[in-house]
Amino acid sequence: MHYQTESWGSYMPTRSSGGDPLERIERLASENAVVIFSMSTCCMCHAIKRLFCGMGVNPTVHELDEDPRGKDMEKALMRLLGSSTAVPVVFIGGKLVGAMDRVMASHINGTLVPLLKEAGALWL
């Protein structure tokens, strides 16, 4: 599978391994410093990708609506967050940061940049 590449970072093709959607999310989240689970038509997903790119971070983006198993992953993310909306979801350094509200709160209170530096996503 091939994803359209835009200016937001890496769009990763998915491997066709079976298994539990949550295990797959954990594996994908641990493969890069910043991982965003997104939907290509979601405005909040677009905003979060712009935030990271504007900071000089090159996130890996997994567009769930372009993944054959994206619906199962979306349900697993909703369970993980305890929310009715699954995207955007951000992992930094393999750890769940959360949805848009948590990422923006971290950005505003100054804790996002240290997380990014610790994960090796920023060097400034």
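Each remark here, short or long, concerns the structure printed above.
Residues numbered from 1 in each chain as written. Predicted model: local features only at pLDDT ≥ 70, side-chain atom pairs only at ≥ 80, totals over all residues. Heavy atoms only, no water.

Help me understand the overall build of the protein chain, please; the structure alone is not making it clear to me.
When helices and strands are counted, the protein chain shows five helices and five strands. Secondary structure elements of the protein chain occur, N-terminal to C-terminal, as β-α-β-α-β-α-β-β-α-α. If you take every contact in the protein chain between residues at least 6 apart in sequence, the share linking residues at least 24 apart comes to 64%. Working note: accessible area of the protein chain is about 6,700 Å², and carbon and sulfur atoms make up 54% of it. (Helix = DSSP H or I, 4+ residues; strand = E, 2+ residues; numbered from the N terminus. Contact = heavy atoms within 4.5 Å. Areas by Shrake-Rupley, 256 points an atom, 1.4 Å probe, with all protein chains shown as cover.)

I keep staring at unusual backbone geometry and nothing clicks. Help me out?
Excluding glycine, residues mostly carry a negative phi; peptide bonds, for their part, are mostly trans. The omega angle of the peptide bond from V87 to P88 is -5°, so this bond is cis rather than trans. Relative to the helices and strands, P88 is located in the loop between α3 (70-81) and β4 (89-92).

Whenever I open this one, the pairing of strand β3 (residues 60-63) confuses me. Can you help?
For a regular strand, side-chain orientation follows a simple rule: the groups alternate between the two sheet faces. Side chains T60 and H62 project from β3 onto one buried face, and the interleaved V61 and E63 project onto a second face that is buried too. Across four bridges, strand β2 (residues 34-38) lies against β3 in parallel orientation. Opposite S38, over in β3, you have E63 as the bridge partner. Once the chain exits β2 it traverses helix α2 (residues 43-54) before rejoining the sheet at β3, and the crossover so formed is right-handed. (Buried < 20%, exposed > 50% of the residue type's maximum accessible area, 1.4 Å probe, protein only. Pairing = 2+ DSSP bridges. Right-handed = clockwise from strand over helix to strand, strands pointing away.)

Just to check I follow, could you spell out α2 for this structure?
For the α-helix, the turn length of 3.6 residues means that residues three or four positions removed from each other point alike. For α2, with 12 residues, the first-to-last C-alpha span of 16 Å sits near the 16 Å given by 1.5 Å per residue. Of the positions making up α2, those classed as buried are C45, I48, K49, L51 and F52. Angular distribution of buried residues about the axis of α2 spans 155°; they occupy a single face of the element. Away from its buried face by more than 90 degrees, α2 exposes C43 and G54. At the exit of α2 stands G56, carrying a positive phi of roughly 90°. (Expected span 1.5 Å × (residues − 1). Arc of directions from axis to C-beta.)

I keep staring at the nonpolar core and nothing clicks. Help me out?
Soluble globular proteins tend to bury their nonpolar side chains together. One finds F52 and L116 to be the most contacted residues of the largest nonpolar core, which totals 17 residues. Mapped by element, the contributors of at least two residues to this core are β2, α2, β4, α4 (100-109) and α5 (112-119). At three residues, the largest contribution of residues to this core is made by α2. In contact with F52, other than residues within four places in its own chain, are V34, I36, V57, P59, V90, I92, V103, L112 and L116. (Core = buried A, V, L, I, M, F, W, Y, C linked by side-chain atoms within 4.5 Å.)

Please explain the packing of helix α1 (residues 21-30) against α3 as it appears in this structure.
Packed helix pairs are characterised by how far apart their axes lie and by the angle those axes make with each other. Where α1 meets α3, the closest approach of the two axes is 8 Å, and the angle between their N-to-C directions is 85°. Between α1 and α3, the angle falls in the class roughly perpendicular. Counted together, P21, L22, R24, I25 and L28 of α1 and D72, M73, A76, L77 and L80 of α3 form the full contact between these two elements. (Axes fitted to C-alpha atoms, helices over the stretch in contact; angles between N-to-C directions. Parallel < 35°, antiparallel > 145°, perpendicular 65-115°, else oblique.)

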